[in-house]
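The primary structure of each chain is shown beneath.
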Amino acid sequence: MRIAVTGSIATDHLMTFPGRFADQLVADQLHTVSLSFLVDNLDVRRGGVAANICFGMGLLGTRPILVGAAGSDFDEYRAWLDRHGVETGSVRISEVLHTARFVCTTDADHNQIGSFYTGAMSEARLIELKSVADRVGGLDLVSIGADDPEAMLRHTEECRSRNIPFAADFSQQIARMDGEEIRILLDGATYLFSNEYEKGLIESKTGWSDEEILAKVGHRVTTLGARGVRIERVGEPVIEVGCPEEDTKADPTGVGDAFRAGFLSGLAWGVGLERAAQVGCMLATLVIETVGTQEYTLRRTAFMDRFTKAYGHEAATEVRQHLA
């Protein structure tokens, strides 16, 4: 199964604030917020939602196709992704803009404040999926992640016109999109990904109820933080999967991307939705135990031992045969 993942390719600048953001906010002055946080450390990491998802899929051996735009400073990043099983031949390289940057500060409660510079990502709107499909021999699913908004709209419309199944996964871009744009992006999606807060925001902005949205997509996949994930389909029982026990909680950045990497890999393997969600939750657990979105490793034996402990021998036997 050939899965293309569209979305941002970026460098992450991750900082840690030892206090709590909430303690610095004055309720009656929120309309004039002006704050500066003295942080303890800075980690510069590879990131971007599409690259993060593809990295995890590459570790799982499913050879994802990365689709996005980067700057001329992408060579080292490309080599890293190539080495970890990602197909990068469809990345557009800008002649004038740098690769995007994400700057994020995390407080002691694991709340986050971030800013994103689009850079070369703005050229993603120039990428045509047909040329990607022709180059790799067709596409079975396109995951449309947070990206240049015009690129997201173009990729969605092209998937519809060419009858390519797609997953709507606009996450960080929900804040800047209006209801009409969100309605266009999700209508007809085979999968709709969001976290619990984004789920409510999608419903608020579109004016559609949970039931109305579910009728317009094949599967609604909602991540629930430490509680795992819920998968809903019209007329089918709800699937709920919990998370494995964490060894430590180092940094939540990229956890949602890792879940998607595991879930999409499960789809590529052809396992059921529950198994795919279990793989996603296991991979997400590895990420939350690591600082950085692509700094974790996947050791097959250790991965399967923890997976077996969390989900049982029957689930492990089914997944083990696919794990690279």
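Structural notes, computed from the coordinates. As the structure is a computational prediction, the values presented were derived from the model and not from experiment.

Per the secondary structure count, the chain includes 11 helices and 13 strands. C-alpha extents for the chain along the principal axes are approximately 50 × 45 × 45 Å. Each of the 324 residues in the chain was classed as buried or not, and the buried ones make up 52%. A total of about 14,300 Å² of accessible surface is found on the chain, and carbon and sulfur atoms cover 48% of it.

Here the focus is the sheet that holds strand β6 (residues 100–106). Here we have 4 strands laid out as an open sheet, ordered β3-β2-β6-β7, and mixed in their pairing. In this open sheet, the two edge strands, each paired with only one partner strand, are β3 (41–47) and β7 (112–117). Neighbour-to-neighbour, the strand axes of the sheet open up by a mean angle of 15 degrees, direction not taken into account.

Moving on: the nonpolar core. Core analysis: the biggest nonpolar cluster contains 56 residues, and F263, F303 and F307 have the highest contact counts within it. By residue number, the principal contributor to this core is helix α9 (residues 273–288), which donates 10 residues. Excluding anything up to four places from it in sequence, F263 contacts Y191, F193, V221, I231, L273, A276, A277 and G280. Core analysis: the next-biggest nonpolar cluster, separate from the first, contains 30 residues, A69, M177, L185 and L186 among them.

With that out of the way, let us pick up the environment of G280. Relative to the assigned elements, G280 resides in helix α9. Looking at G280, the relative accessible area reads 0%, which means it is buried. Note: C-alpha distance between G280 and G262 (18 residues apart in sequence) is 3.7 Å. Setting aside its immediate chain neighbours within four residues, G280 contacts A258, F259, G262 and F263.

The next point concerns unusual backbone geometry. Positive phi outside glycine occurs at R63, with the angle close to 50 degrees. Looking at the secondary structure, you find R63 in the loop between α1 (49–59) and β4 (65–70). Note on R63: relative accessible area 48%, which makes it partly exposed. Phi at N163 is positive, roughly 55 degrees, even though this residue is not glycine. Within the secondary structure, N163 sits in the loop between α4 (149–161) and β9 (166–169). Here N163 falls in the exposed class, since its relative accessible area comes to 69%.

In this section: the pattern of salt bridges. According to the stated counting rule, one finds 24 salt bridges in the structure shown. Of the charged contacts, one joins E180 and R183 as a salt bridge, the two residues approaching to 3.0 Å between their closest N and O atoms. Taken together, the positions of E180 and R183, both in helix α5 (residues 179–186) and 3 residues apart, correspond to about one turn of that helix. With a relative accessible area of 23%, R183 lands in the partly exposed category. Ionic pairing is found between R306 and E289, a salt bridge with its closest N-O pair at 2.7 Å. You can see R306 sitting in helix α10 (residues 300–311) and its partner E289 sitting in the loop between α9 and α10, a full 17 residues away along the chain. There is no split in this pair, since R306 and E289 are both buried.

The next thing to look at is the pairing of strand β2 (residues 10–16). Counting buried positions along β2 gives 5 out of 7 residues, so the element sits mostly inside the fold. In terms of strand pairing, β2 meets β3 through 7 bridges, oriented antiparallel. Paired with H13 across the strands is V44, a residue of β3.

This paragraph deals with the pairing of strand β8 (residues 141–145). Side-chain direction in a regular strand flips from residue to residue, so the side chains alternate between the two faces of the sheet. For β8, the buried fraction is high: 5 of the 5 residues fall into the buried class. Neither face of β8 is left uncovered, since the one carrying L141, S143 and G145 and the one carrying V142 and I144 both have all their residues buried. Looking at chain direction, strand β1 (residues 3–6) and β8 are connected through 4 bridges and run parallel. Within the sheet, the bridge partner assigned to I3 lies in β8 and is L141. In terms of strand pairing, β8 meets β9 through 4 bridges, oriented parallel. Across the sheet, the residue bridging to I144 is A168, located in β9. A crossover connection joins β8 to the parallel β9 through α4; in handedness this β-α-β unit is right-handed.

About the cut-offs
Residues numbered from 1 in each chain as written. Predicted model: local features only at pLDDT ≥ 70, side-chain atom pairs only at ≥ 80, totals over all residues. Heavy atoms only, no water. Helix = DSSP H or I, 4+ residues; strand = E, 2+ residues; numbered from the N terminus. Buried < 20%, exposed > 50% of the residue type's maximum accessible area, 1.4 Å probe, protein only. Areas by Shrake-Rupley, 256 points an atom, 1.4 Å probe, with all protein chains shown as cover. Pairing = 2+ DSSP bridges. Axes fitted to C-alpha atoms, helices over the stretch in contact; angles between N-to-C directions. Core = buried A, V, L, I, M, F, W, Y, C linked by side-chain atoms within 4.5 Å. Contact = heavy atoms within 4.5 Å. Salt bridge = Lys/Arg side-chain N within 4 Å of Asp/Glu carboxyl O. Right-handed = clockwise from strand over helix to strand, strands pointing away.

Functional significance is not addressed by these values, which are geometric in nature.
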